[in-house]
Amino acid sequence: MRAKKWLAVGVAALFILATLWLLQRLVMPKYMGDVVEGNFMAEYYDTEKDHDVIFIGDCEVYENFSPQVLWDEYGINSYIRGSAQQLASQSYYVLEDTLRYEKPDVVVFSVLAVPYNEPAKESYNRMTLDGMRWSKTKWDAIQTSMTEEEQLLEYIFPLLRYHSRITELTKDDFTYLFGRDLVSHNGYYMRVDARPAENVPDGRPLADYTIDAGQMEWLEKIRLLCEENGIKLVLVKAPSLYPYWYDEWEEQIAAYAESHGLPYINLLALKDAAGLDYRTDTYDGGLHLNLAGAEKLSRYFGAYLRETCGLADRRAESALAARWEENARWYDEDRIRQEYEIAAGE
Amino acid sequence: MSITSYYFLLFAGALLILYYLTPKKAQWILLLAASYAFYAFSGIRYLGYILATTLCTYVASRKMGGLKDYQEAFFRENKDILDREDKKLYKASVKKRQRAWLILALVFNFGILAVIKYGNFVVSNISALFGAPNDAFFRLALPLGISFYTFQTTGYLIDLYRGEYREEKNFFRLSLFVSFFPQLIQGPISRFGALSKELYAGHDFDGRQVAFGLQRMLYGFFKKLVIADRIMAGLATISGDPATYTGTYAFVGMIFYAIDLYMDFSGGIDIVIGFSQALGITLPENFKRPYFAVSLKDYWHRWHITLCNWFKDYVFYPISTSPKLLARAKKLKTAGHAGLARRITVYIGNLAVWLFTGIWHGAAWNFIIWGLLNGGFLLLSQEMEPLYRKLYARFPKLPESRVFHIVRVVRTFLFVSLLCMFDYYANASVTLHAMAGMVTEFDLAVFFNGSLLSLGLSAVDYGILLLSLCLVFFISLQQERGISVREKIAAQAGPVRVLVWYGLFLCVLLFGAYGIGYDASQFIYNQF
């Protein structure tokens, strides 16, 4: 009788846990529509982790560099760990998280988020943090990033955060209940459409151009983490015309890099050398590069990586090459699909 | 810490476990520590206020008790030489001194409440009278539950003065009575005689009591989060722009507010009583399905019962049985005004109660008007009693008629909702304007042309609200028939019980208006 009672309790508990798990999966955003960036962070965990180069940062990395080109042209095995409006502090934790799985030779960090110091926004926090696997690093990242109205418990049990979506469910929520399609190409967000950069505004004058010491602290932490792990850190400023990159910021970042012996490349200043044409190579008027622009930039930057970082050409590694061949198929499929949609006016 | 926050749930859960792990003798100490911790969460600076009230109450009660002890000892030692008259004189002198302590404590306790809650209201009205600038004079935030614990300590002191029980000699035990955290937020207002027995007695773990308590909490969360907080969006739209949302919208706002007020307040009370029940502590009921009332008088026997009883015992009776008023009534009777003599004690006591009830609800004229209107209409309906009696004599089947009963219930609900508009809108003139608009600009089409979707509530929101209200209505109906829904569910087979309570839990979890994106609204009665 007693055993029967415990069995009933066990079955009830299992039923409750299973339904809660299922509901949580159902209401969590799938990011399979217009906004796909929320999937980038989680996709990393499904890859083989023996990358030579890891890119860390916000949209300045995941929309401007194509790992496929770096492989095709230079045999560099790379991955981009970036998400929308990823703060400098979050980049630190994303790097720390990456180091739990692999130690790349080179980390490329986009510096745009350092002076911008934008206040955290819940939706962007979620896109960066929800996809991270649970670890102390994720815990710390949440604690550091949370806005005032956010609660830790809602990260631990996302059902508490997303419960209100129960009345807004779409077909996607059921289609992708147990798995989602791949949306990035080793973290790269492909866009083939083009919108020329016209009348890009100058930056408005600021009262103070000094980069916040707290923000510089995160850059320093990233540097120290790379140093501790014997990783070469490369700082980059992507060639986006906007948000505006002030000369004063450039000087401070360049001075920091110089004082620590770090390579710093301002690709915005090198946009002509990279062959970028802002009439055809951007899909949103100069904020981000499209596929054509990203491929040009990757060719240019890949050469730099190979020359200055001494990265070996790994195209002869058959297993790795096979993986990239598969990546290339999906890369081409995505490109053709987008080109078709543009042609069809969808 | 709101009682619908995650922190409260964690706090309550941890306390519940600790409570039953603690030896019974020390359970009250744990409750005291938890109550002060809870209070400190709402703002550590507020601890001073509740401590001052507790200390003042303790000193006064000890002094009153000491005088009583002294009197008893005096009578014992001098029983052979004191005659009845001596004893009477001595008793009167002791009572006088006790009264002095009572008044001193009440002035002090109510003084804190008056300055913090009503100081700015009084100063601004005086300023307006003299055309002076109308700035906030006292920049003091309202400590959590100040009205509730002030009323509770007042009841304790008056009962003590009346000799209904002896004073609590242990300061910390008295502190628990004043600060017991579940009821600190929005009541119910308990009496020392009943609550002290519950608080200080140790409680063994009783699975059924704990389960019933948690179930009641869940039902409270359902009322508060699924109904009250969801309807809030529509309410805010209407009251935020009363010039646009007139006529039918004002009517909709009136109904929404009546629903919101009840679901918010009674939901909170369910959480409080349920949690106390899980601790083995029985608190008095505060509601008895008020919207099933057939008259205004009946409504006030069902709504905020502990406050109404408090006013009856500590305001109405002392005023209506005061020697001066009784003497005046006697004079009127002698002069041949028997009717007036009979009424004057009741009327003055009643109007005083409703004036204070209005003031208690908030430091604003609209609350005072609301209180006096309630009092006025109660007296009016009392005056109309002979007419009703005549009507029932003419149609003897009418009182038993189901249709007539429903008409009376609906009429009372609409009337109560109408009066509550004084609470809903920002001030009395806006309220009167909205009331007038309900008559002159009423447009039935608003219910059918999709206009209601412009109030910040979607069709899904309306659907959830409707279904939820149907559920509450069904449960209330069962309760009105004397059926305990929890008992009925408890009698079902295990899987049915699990499905019912888990289903309700899922409703709260999924359809509750909580978390980011929703305005984490505090309980309406917190502010009192």
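Because the structure is a prediction, the values reported are computed rather than measured. (Residues numbered from 1 in each chain as written. Chains lettered and ligands numbered in written order. Predicted model: local features only at pLDDT ≥ 70, side-chain atom pairs only at ≥ 80, totals over all residues. Heavy atoms only, no water.)

Remarks on empty space enclosed by the protein
Residues and elements named next belong to chain B. The final tally for this structure, using the stated rule, is two cavities of 30 Å³ or more. There is about 30 Å³ of room inside the second largest cavity. For the second largest cavity, the full set of lining residues is Tyr299, Trp300, Trp370, Asn374, Val416, Leu419 and Cys420. Listing elements by their share of the lining of the second largest cavity, those giving two or more residues are helix 11 (296-302), helix 15 (365-383) and helix 17 (402-424). Of the residues belonging to the lining of the second largest cavity, the class tally is six nonpolar, one polar and no charged. (1 Å grid on protein atoms, 1.4 Å probe; cavity = no way out; pocket = protein on both sides within 12 Å on 5 of 7 lines; lining within 4 Å. Points joined across faces, edges and corners; volume = space filled by probe spheres on them. Helix = DSSP H or I, 4+ residues; strand = E, 2+ residues; numbered from the N terminus. Nonpolar A, V, L, I, M, F, W, Y, C, P; charged D, E, K, R; others polar.)

Regarding helix 1 (residues 2-27) of chain A
Given a rise of 1.5 Å per residue, 26 residues ought to cover 38 Å, and the 38 Å separating the end C-alpha atoms of helix 1 of chain A matches this to within 8%. Looking at the packing, one finds that the buried side of helix 1 of chain A touches helix 10 (158-162) and helix 11 (171-175) of chain A together with helix 21 (494-511) of chain B. (Expected span 1.5 Å × (residues − 1). Contact = heavy atoms within 4.5 Å.)

Let's talk about the pairing of strand 3 (residues 106-110) of chain A
All names here are of chain A. Within strand 3, five of the five residues are buried, leaving the element largely enclosed by the surrounding structure. The two faces of strand 3 match: Val106, Val108 and Ser110 on one face and Val107 and Phe109 on the other face are all buried. Here strand 1 (residues 53-57) runs beside strand 3; their pairing, made up of four bridges, is parallel. Counted as the bridge partner of Phe55 is Val108 from strand 3. Both strand 3 and strand 4 (residues 232-237) contribute to a ladder of five bridges, which runs parallel. Residue pairing across strands places Val108 opposite Val234, the latter belonging to strand 4. (Buried < 20%, exposed > 50% of the residue type's maximum accessible area, 1.4 Å probe, protein only. Pairing = 2+ DSSP bridges.)

Some remarks on the domain arrangement of chain B
All names here are of chain B. Per the domain assignment, the segments making up chain B are domain 1 (12-205), domain 2 (206-283 + 447-528) and domain 3 (292-424). For domain 1 and domain 3, the distance between their C-alpha centres works out to 29 Å. Listed as interface residues are 16 residues of domain 1 and, on the opposing side, 16 residues of domain 3. Taken together, the two surfaces of domain 1 and domain 3 that pack against each other cover about 1,400 Å², and 64% of this comes from carbon and sulfur. In this structure, the connection of domain 1 to domain 3 is made through one salt bridge. Between Arg191 and Asp313 there is a salt bridge, with the nearest N and O atoms lying 2.9 Å from each other. For the pair domain 1 and domain 3, the interface holds seven residue pairs in polar contact (both at pLDDT 80 or more). Those elements giving two or more residues to the side of domain 1 that touches domain 3 turn out to be helix 4 (84-129) and helix 5 (146-161). Ranked by residue count, the leading element in the side of domain 1 that touches domain 3 is helix 5, at seven residues. (Domains from an automatic or database assignment. Buried area = accessible area lost by both parts, 1.4 Å probe. Salt bridge = Lys/Arg side-chain N within 4 Å of Asp/Glu carboxyl O. Polar contact = N/O pair within 3.5 Å; in protein donor to acceptor, adjacent residues only side chain to side chain.)

Side note on the interface of chain B and chain A
Taken together, the contact between chain B and chain A spans 17 residues of the former and 19 residues of the latter. Together chain B and chain A conceal approximately 1,600 Å² of surface at their shared face, both sides included; 76% is due to carbon and sulfur atoms. On the chain B side of the interface with chain A, the three residues burying the most area are Tyr6, Leu510 and Ile516 of chain B, jointly 44% of the side's total. Linking chain B with chain A are zero salt bridges. Taken together, the connections running from chain B to chain A amount to seven residue pairs in polar contact (both at pLDDT 80 or more). Elements with a contribution of two residues or more to the side of chain B that touches chain A: helix 1 (6-21), helix 19 (459-480) and helix 21 of chain B. Broken down by element, the side of chain B that touches chain A gets its largest block of residues, eight residues, from helix 21 of chain B. Looking at the side of chain B that touches chain A residue by residue, the classes come out as 15 nonpolar, two polar and no charged.

A short note on the environment of Trp21 of chain A
By secondary structure assignment, the location of Trp21 of chain A is in helix 1. Residues Trp21 of chain A and Ala273 of chain A, spaced 252 residues apart in sequence, show a C-alpha to C-alpha distance of 52 Å.

A closer look at helix 14 (residues 291-309) of chain A
All names here are of chain A. Counted at 1.5 Å a residue, the expected span for helix 14 with its 19 residues is 27 Å, and the 25 Å between its end C-alpha atoms agrees. What helix 14 keeps buried is the set Leu291, Gly293, Ala294, Glu295, Leu297, Ser298, Phe301, Gly302, Leu305 and Cys309. Residues of helix 14 that are buried in the fold lie against strand 1, helix 4 (67-74), strand 3, strand 4, strand 5 (264-266) and helix 15 (318-343). Gly310 sits one or two residues past helix 14 and shows a positive phi near 60°.

Looking at the sheet that holds strand 4 of chain A
Think of a sheet as strands paired side by side through backbone hydrogen bonds, with each pair either parallel or antiparallel. Residues and elements named next belong to chain A. Read across the sheet, five strands follow the order 2-1-3-4-5 without closing on themselves; strand pairing throughout is parallel. What marks the edges here is a single partner per strand, and that holds for strand 2 (78-82) and strand 5. Between one strand axis and the next, the sheet turns through 20° on average, direction left out of account. Here five bridges tie strand 1 to strand 2, and the two strands are oriented parallel to one another. Looking across to strand 2, one finds that Ile56 is bridged to Arg81. Contacts from helix 12 (residues 213-228) reach strand 3 and strand 4, with the element oriented near 145° to strand 4. Lying over the sheet, helix 14 contacts strand 1, strand 3, strand 4 and strand 5, oriented at roughly 150° with respect to strand 4. (Axes fitted to C-alpha atoms, helices over the stretch in contact; angles between N-to-C directions.)

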